[in-house]
Amino acid sequence: QKEVEQNSGPLSVPEGAIASLNCTYSDRGSQSFFWYRQYSGKSPELIMFIYSNGDKEDGRFTAQLNKASQYVSLLIRDSQPSDSATYLCAVTGSSASKIIFGSGTRLSIRP
Amino acid sequence: NAGVTQTPKFQVLKTGQSMTLQCAQDMNHNSMYWYRQDPGMGLRLIYYSASEGTTDKGEVPNGYNVSRLNKREFSLRLESAAPSQTSVYFCASSEAPGGHQPQHFGDGTRLSIL
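Since we're looking at a predicted model, the values are computed, not measured.

Undergrad: It is not clear to me how the state of the cysteines should be interpreted in this structure. Could you clarify?
TA: What is meant by a disulfide is a covalent connection between two cysteines, made through their sulfur atoms. Residue and element names in this part refer to chain B. As enumerated under the stated definition, the model contains 2 disulfides over all chains in all. Between the sulfur of Cys 23 and that of Cys 91 lies a disulfide, 1.9 Å long from S to S. Because the torsion about its S-S bond is -75 degrees, the bridge between Cys 23 and Cys 91 counts as left-handed. Here the residue Cys 23 occupies a position in strand S3 (residues 19–25), and Cys 91 occupies one in strand S9 (residues 87–94), the gap between them amounting to 68 residues. Accessibility expressed as a relative area gives 3% for Cys 23, which makes it buried.

Here is the structure:
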């Protein structure tokens, strides 16, 4: 079992709809959770981070964390073509020494 | 506002050649990291430096060495390049050591080993 798992996609969502990206992790003691966006041929850029159970909103983005079920999700409201990218989930394990990245979900927003 | 700067951006090597990838950050961050990214495998940590003067192995350190030259600079060296090291290499930095702080990435070095 991978430490951080994501569906590779592609996930196709119509413009204006809500895109929902999911991530599960294996270390029950994980403490910090990050979402990065990576455009093709570019470097990852941080979108959101969340430390506590529940929802955290920032503009069109909402991160949701459920530690009991060991999953974290990212919702993108009013999806735009510019949201088309690969989204990487990253998790800090209980040792807190480093971040583990998932392999990413490719999101495509169709006009 | 440079952030994390990596050089070179592209490089082609022959098997057995050596080279050093350079990374510098201007954010006064304490921790720095080297990752490689291969298709379908996400980012894998090669080495990291929690603070100036310290380095530690990550998930895939074999075939690489690193040097934390000072607080700003963290280099990655391939002593004898192999085709399996063809990849995109990213340097990143964070304000504090450990995994609780977000990481900021450079633009990457695209390395091909023939």
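Following the structure, the description resumes.
Undergrad: What should I look at first to understand the packing of aromatic side chains in this one?
TA: Aromatic ring pairs are reported here in terms of the distance separating the ring centres and the angle at which the planes meet. Going through the model one piece at a time under the given rule, you end up with 13 aromatic pairs over all chains. Considering the side-chain rings of Tyr36(A) and Phe101(A), the 5.5 Å spacing of their centres and the 50 degrees angle between planes classify their relative orientation as tilted. In this pair, Tyr36(A) sits in strand S4 (residues 32–38) while Phe101(A) sits in strand S10 (residues 99–101), placing the two residues 65 residues apart along the sequence. Considered together, Tyr36(A) and Phe101(A) belong to a single accessibility category, that of buried residues. Put simply, the rings of Phe34(A), Tyr36(A), Phe49(A), Tyr51(A), Phe101(A), Tyr33(B), Tyr35(B), Tyr48(B), Phe90(B) and Phe105(B) pair up and form one aromatic cluster. Of note, Lys56(A) hangs over the ring of Phe49(A), and the distance from its end group to the ring centre comes to 3.7 Å. Residue placement shows Arg60(A) over the ring face of Phe61(A); its charged tip is 5.5 Å from the ring centre.

Undergrad: What's the story with the sheet that holds strand S3 (residues 19–25) of chain A in this structure? I'm lost.
TA: Strands in a sheet are paired, the pairing made by backbone hydrogen bonds, and the direction either parallel or antiparallel. All names here are of chain A. The antiparallel open sheet is built from 5 strands, whose spatial order is S1-S3-S8-S7-S6. A strand with exactly one partner marks an edge of an open sheet, and here the two such strands are strand S1 (4–5) and strand S6 (54–58). Here 6 bridges tie strand S7 (residues 61–66) to strand S8 (residues 71–76), and the two strands are oriented antiparallel to one another. In the sheet register, Thr 62 faces S8, and the bridge partner there is Leu 75.

Undergrad: How do you make sense of the pattern of salt bridges when you look at a structure like this?
TA: Two side chains carrying opposite charge are able to pair once their charged atoms lie near each other. All names here are of chain A. The full count for this structure, using the stated rule, is 7 salt bridges over all chains. Between Asp 83 and Arg 60 there is a salt bridge, with the nearest N and O atoms lying 2.9 Å from each other. One end of the pair, Asp 83, is in the loop between S8 and strand S9 (85–92); the other, Arg 60, is in the loop between S6 and S7, with 23 residues separating them in the sequence. Overall, Asp 83 belongs to the buried group, its relative accessible area being 1%.

Undergrad: In this structure, what is going on with the interface of chain B and chain A? I would like to understand it.
TA: Where the parts come together, the accessible area they lose is often given as the size of the interface. Counting residues at the interface gives 19 residues for chain B, matched by 21 residues for chain A. Across the chain B-chain A interface, the total number found is 0 salt bridges. Of all the secondary structure elements, the ones that give two or more residues to the side of chain B that touches chain A are strand S4 (31–37) and strand S5 (43–49) of chain B. Take the side of chain B that touches chain A: its biggest share by element is 3 residues, from S5(B).

So, how was this worked out
- Residues numbered from 1 in each chain as written.
- Chains lettered and ligands numbered in written order.
- Predicted model: local features only at pLDDT ≥ 70, side-chain atom pairs only at ≥ 80, totals over all residues.
- Heavy atoms only, no water.
- Disulfide = S-S within 2.5 Å.
- Helix = DSSP H or I, 4+ residues; strand = E, 2+ residues; numbered from the N terminus.
- Buried < 20%, exposed > 50% of the residue type's maximum accessible area, 1.4 Å probe, protein only.
- Phe/Tyr/Trp six-rings, centres within 6.5 Å; stacked < 30°, edge-to-face > 60°.
- Lys NZ or Arg CZ within 6 Å of the ring centre and 35° of its normal.
- Pairing = 2+ DSSP bridges.
- Salt bridge = Lys/Arg side-chain N within 4 Å of Asp/Glu carboxyl O.
- Contact = heavy atoms within 4.5 Å.

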